[in-house]
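These are the residues of each chain, in order.
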Amino acid sequence: MKAGTLAGPKAWLGALALLGAAMPAMAQPPLRLDTQMFVERVTTDLNGRPRRILASANRLTPGDQLIVLLYWRNEGSAPLRAAAVTRALPRGVELDLSDPAMQLSVDGGVHWGRLDQLWLPTPLGGTRRAVAADITHVRWTLPPAPAGHAGRLSYRATIR
């Protein structure tokens, strides 16, 4: 998703639908992708102890912890090699950057790396180090996968 902001819960849900629109980097049609999204909520049980539960991601508010599960499967007859799963990240969603396999882009998917490796131009002709709010896309390279092989990726994000 390019520049612009999201306003209201319906806009959030529409933007999060984009999170469900994964695309393999090599445009390999036999790669099937399914997405599940949850909000992690903390409640108190009868004994006063905090309990973490996963709830439907149909109503989001700032501060919510979003958990996204990406299930992939090689439905082709040939092994997958050099395939990747790429996700656009809507504005207003801040990634948990703890996954070392996650590659990030701050320029719409042109350049990839870890956040500390990415720079953006400034209006006066200089450059500045990218920050989490600049992230536009996230990508994972999949391991080689024989026909029928499946796997799961997951990530967390916070609704700002």
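Basis of the calculations
- Along each chain, the written sequence defines residue order, and numbers are assigned to residues from 1.
- Given that the model is predicted, a residue must reach a pLDDT of at least 70 before its local features are reported, and side-chain atom pairs must reach 80 or more before they are shown or counted; all residues, however, enter totals for whole chains, interfaces and linings.
- Note that the side-chain values use all heavy atoms of the structure and ignore hydrogens as well as water.
- By the criteria applied, helices consist of DSSP H or I runs no shorter than four residues and strands consist of E runs no shorter than two, each listed in order from the N terminus.
- Partly exposed residues are those whose accessible area sits between 20% and 50% of the maximum for their type, while under 20% is buried and over 50% is exposed, using a 1.4 Å probe and protein chains only.
- Computed with a 1.4 Å probe, the accessible areas rest on the Shrake-Rupley method; for each residue, only the protein chains presented here act as cover.
- Confidence of the predictor at the level of single residues is captured by pLDDT, which takes values from 0 to 100.
- Two residues form a contact once any of their heavy atoms are found within 4.5 Å.
- Two strands are counted as paired when DSSP detects at least two bridges linking them.
- Axis angles are defined between N-to-C directions and span 0 to 180 degrees, where every axis is a line fitted to C-alpha atoms and, for a helix, only to the segment in contact.
- Buried Ala, Val, Leu, Ile, Met, Phe, Trp, Tyr and Cys residues that are joined via side-chain atoms within 4.5 Å together make up what is termed a nonpolar core.
- N or O atoms closer than or at 3.5 Å make up a polar contact, with two conditions inside protein: a donor-capable atom paired with an acceptor-capable one, and, for residues adjacent in sequence, both atoms drawn from side chains.

**Q** Can you help me understand the overall build of the protein in this one?
**A** From N to C terminus, the protein includes one helix and 11 strands. For the protein, the α and β elements follow one another from N to C terminus as α-β-β-β-β-β-β-β-β-β-β-β. Per-residue burial over the protein gives 35% buried out of 160 residues. Total accessible area computed for the protein in this model is approximately 9,200 Å², and 57% of it derives from carbon and sulfur atoms.

**Q** Would you mind showing me how to read the confidence of the model for the protein here?
**A** Of all residues in the protein, 82% have pLDDT values of 70 or greater, and the mean over the chain is 83. The spread of mean pLDDT over the elements of the protein runs between strand 1 (residues 23–24), the lowest at 42, and strand 7 (residues 103–105), the highest at 97. In this model, residues 1–28 is a region of pLDDT below 50 whose contacts with residues beyond four sequence positions or in other chains number 61 contacts.

**Q** What exactly am I supposed to notice about the sheet that holds strand 3 (residues 50–56) here?
**A** Strand pairing in a sheet is mediated by backbone hydrogen bonds. Such pairs are either parallel or antiparallel. Ordered by their spatial adjacency, five strands build an open sheet running 3-2-4-11-6, and the pairing between neighbours is antiparallel. In this open sheet, the two edge strands, each paired with only one partner strand, are strand 3 and strand 6 (93–95). Averaged over all pairs of adjacent strands, the angle between strand axes in this sheet comes to 35°, irrespective of strand direction.

**Q** Looking at this model, I keep getting lost on the pairing of strand 4 (residues 65–74). Mind explaining?
**A** Successive side chains on a regular strand alternate, one facing one side of the sheet and the next facing the other. In terms of burial, strand 4 is largely enclosed, as seven of its 10 residues are buried. Pairing of strand 2 (residues 31–44) with strand 4 involves 10 bridges; the strand directions are antiparallel. Paired with Met37 across the strands is Val68, a residue of strand 4. Bridge analysis of strand 4 against strand 11 (residues 150–159) gives nine bridges, and the strand direction is antiparallel.

**Q** Explain the nonpolar core here, please?
**A** A general tendency of soluble globular proteins is for nonpolar side chains to be buried together. Leu95 and Leu104 are the most contacted members of the largest nonpolar core, which has 31 residues in total. Looking at this core, the elements that each hand over two or more residues are strand 2, strand 4, strand 6, strand 10 (137–141) and strand 11.

**Q** How should the pairing of strand 2 be read in this particular structure?
**A** Note that strand 2 and strand 3 share seven bridges and pair antiparallel. Each bridged residue has a counterpart across the sheet, and for Thr43 the counterpart in strand 3 is Arg51. Taking the residues that link successive antiparallel strands as the turn, the strand 2-strand 3 hairpin has five residues, and the phi of Gly48 there is positive, at about 85°.

**Q** Is there a simple way to think about the environment of Gln103 in this case?
**A** One can find Gln103 in strand 7. Relative accessible area serves as the criterion here: at 23%, Gln103 is assigned to the partly exposed category. Here Arg139 takes part through its side chain, which lies 2.6 Å from a polar atom of the side chain of Gln103.

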